[in-house]
Each structure stands twice: as C-alpha cells, then as structure tokens.
Amino acid sequence: MVEQNLVLCLLFATLDGLFEILAIAVLMYHDKKSETDGDESETDGDESETDGDEAISPCARYAGMGANLLFQGLSTISATVAPWFGPVSIFVPTALCSELLLNMVIIGFIMKKEELNKDTQVATYIMLLAALLLPVVGPIPQDDQTNPLTLLEKPFSLAWIGLFVVLFIGSTALMIMKRYERMGQFRGEMCILVVAIGAEVLSPTVSRAFGTMESGGAVRIALIGFYIMIQLVWTYQGIVEARYVSSHVKYVPLSTCGALIFNALTGLLVWEDWKAITSWLGYAYTFMIMLFGVYLMSDLKFFEVKEKRTRSSMAMFIDTVDTTMLVRSTGSRHLDVEN
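What comes next is a walk through the structure. (Residues numbered from 1 in each chain as written. Predicted model: local features only at pLDDT ≥ 70, side-chain atom pairs only at ≥ 80, totals over all residues. Heavy atoms only, no water.)

**A few points about the packing of aromatic side chains**
Keep this limit in mind: Here a Phe, Tyr or Trp ring, Trp counted by its six-membered ring, pairs with any other such ring whose centre lies within 6.5 Å, and the pair is stacked when the planes are under 30 degrees apart, edge-to-face when over 60, and tilted otherwise. What counts as a helix is a DSSP run of H or I of at least four residues, what counts as a strand is a run of E of at least two, and both are numbered from the N terminus. For the exposure calls, accessible area comes from a 1.4 Å probe over protein chains only, and a residue counts as buried if that area is under 20% of its type's maximum, exposed if over 50%, partly exposed in between. Think of it as a cone above the ring: NZ of Lys or CZ of Arg counts as a charge over the ring if it is within 6 Å of the ring centre and within 35 degrees of the ring normal.
The full count for this structure, using the stated rule, is nine aromatic pairs. Residues Y180 and Y244 carry aromatic rings whose centres are separated by 4.9 Å and whose planes lie at 80° to one another, so their mutual orientation is edge-to-face. Linking Y180 in the loop between α7 (155-176) and α8 (185-212) with Y244 in helix α9 (residues 218-244), this pair joins segments that are 64 residues apart in sequence. Residue Y180 shares its accessibility class with Y244, and that shared class is buried. In this arrangement the basic side chain of R208 is found over the ring face of W271, its NZ or CZ atom lying 5.2 Å from the centre.

**Digging into helix α5 (residues 118-137)**
Convention followed: In this scheme, a helix's expected span is set at 1.5 Å multiplied by one less than its residue total. Directions are taken from the helix axis to each C-beta atom, and the arc is the one they span.
Here α5 is 20 residues long and its end C-alpha atoms lie 28 Å apart, about the 28 Å a rise of 1.5 Å per residue gives. If you check which residues of α5 are buried, you get T120, A123, T124, M127, A130, A131, L134, P135 and V137. The buried residues of α5 occupy one face: seen down the axis, they fall within an arc of 160°. For α5, exposure combined with an orientation more than 90 degrees from the buried face picks out K118, L129, L132 and V136.

**Focus on the pattern of salt bridges**
For clarity, the threshold we go by: Definition used for salt bridges: Asp or Glu carboxyl oxygen within 4 Å of a side-chain nitrogen of Lys or Arg.
Applying the stated criterion across every chain, the model contains two salt bridges. For E272, the salt bridge is made with K154, and the minimal N-O distance between the two is 2.5 Å. A residue pair is termed long-range when its members are at least 10 positions apart, and E272 in the loop between α10 (248-269) and α11 (280-297) and K154 in the loop between α6 (148-152) and α7 qualify at 118 residues. The closest approach of N and O atoms between K275 and E272, which form a salt bridge, is 3.0 Å. We classify E272 as buried; its relative accessible area is 10%. Counted as one network, the salt bridges with shared partners bring together K154, E272 and K275.

As structure tokens, then:
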C-alpha cells in the first residue's frame, strides 16, 4: 500500500505538465531553428542554400528526437505515479493547469512561438487560481482505502467504469478500423473525442488501482496490461486527432471539460471522494471556475444566437423611439423612410 501524500500527488501532477510542454518545446525549437537557417541560406545564394539544408546535422536531429522521447517518458511516469498519492479528481485538474501555465510561460513568453491574447492569458490565470484552491476545498487523501478492488466491485463503480470501458473499447475499434471516416465529420470527431475522454478517465483510475493495492498478483498484472494498452491507444488517438479534427479550438475545450467533469464524478462514484471533501460549495465553485476558464480560452460561443436576438430587439426599440420622436418634433402623421 502506497502511503497517501497530497504534496507528492501535486508535485508529480505538476511535473507531468512540465515534461509534456518540454517535449513539445524541443520539437518546436528544432522546427524554428530549421526555418531560420533555411531563410538565411536562401539569401546567401546557391552555395549557402546547400549548406542551409544541412544546417541541422543528423546528430542534432536525433538529439532532439531523443530529448522529446525522454520528456514524454518522464511525463508518462509522472502521470502514472501521481494518482497513487492522492485523489484522481485532484491530479487531473492540477496536471491540466500546470500544462496550460507552462505552455504560456515557455512556448508563449520565452520561445515566443505563439501569440497569446489577453483572453487566453486571463483564462490561464483563472485556471491557476482554481488549481491552487482545489486542494484546500476538495477531497483529501483517504488512508483507509487499502484495497481498491472493494471499491471497484460496488454496483455504482462497476456501472460507471463499465460504461467507460465499453465506450472506450468500442470507439477505439471504430478508430483503428477507420470507420470514423465514413461516419461524417461531426460523428467521426465525436468518436475520436470519446476515445480521448475515455483514456483521460480510465488512465488515472487504473493507475491508482494497481498502484495502491497491497497484493494483487494476476489482477495487478491485468490492470498494468490494460493501462499500457490505454497509453498506446491514447498515443495513436493523438495522431488521428491531429490529422482528422477540423477545428481544434472547439475540439480541445470539449475534451478538457469532459476530462474535468468525468474525473470529478469518477472520484465521487468510485473513490468515494464525498467522504473527504472539505467544502462542497467551494469544490463546486472551483470546478465552475475551471470550466469558465476553459470557455474563455476557447472559440466556443454558446450565447451567440441569444446575443443576436437581443441586439435585434434593441435595434427595433431604438428605431421605434427615433421614429416617434421624429413624428412628434415635426408634427407629421406620415413619415417616409428611405432605405
């Protein structure tokens, strides 16, 4: 049994986001360097153009790929270990907020690779404040959960986990067989989204299950094998997502909201977080703040139709008022309006 420690859970969750961003930053640095060297070589003539193609040596490229794989491996290890020491409903939001903050600092401010507008920066700060508040108002680690199988065997837990396993395996089969390409753009993207959310929900729960059990034997081996399978499918899903999804500014926020909401429900239904929540009101408000932060960061516009109707009604009201005032001022009963 791993001794519960919320500080270690938060630490490994933060490292997960850090290593994930560093893995991306390494590739972006080499891409930026190759583009810069290519631009300089084009201005120096044919001879320098040949040198520009060879500006990045194979050794440097392999070093970049090696660094990327190293950081990805460290990120996977951190994401695997973090749920052992604390609730999954704490780990997932912390890792997400760490990734968003470090993306803004490293890729946005330091590397200047992305231009982050004010809404994105404010949303990132909102997510950060919510992540700092979550360990205070959210569930604390429960040391009495010495056998996670007893929790997973309860009816609500079996129904909840079984639902996600069925959806995950079914959507994975459709994705591997490339059936999503025949389902239409929207249904195909929803199929890929189900794979992503299923992996984000099942991965920390399975990791916590085999990491906290005192003695598992064959059950632990089976859980570890299922966890490795989830990671492999998740990696393949990322490749398919990058190639197939038409609008990431709408897809990514949906995936993020799904991960936050369903992991919080998993903590309540499976890991009995309801026994250890410090403040229910603060816990609910914290997740609402996170969801509003994701909405502010995204390109989604849920209130666009309502806004248009309000403006249309206001415009009609203003036109009516202007016409009435004009009639009264001129004393005329008939007003010709030229369009």
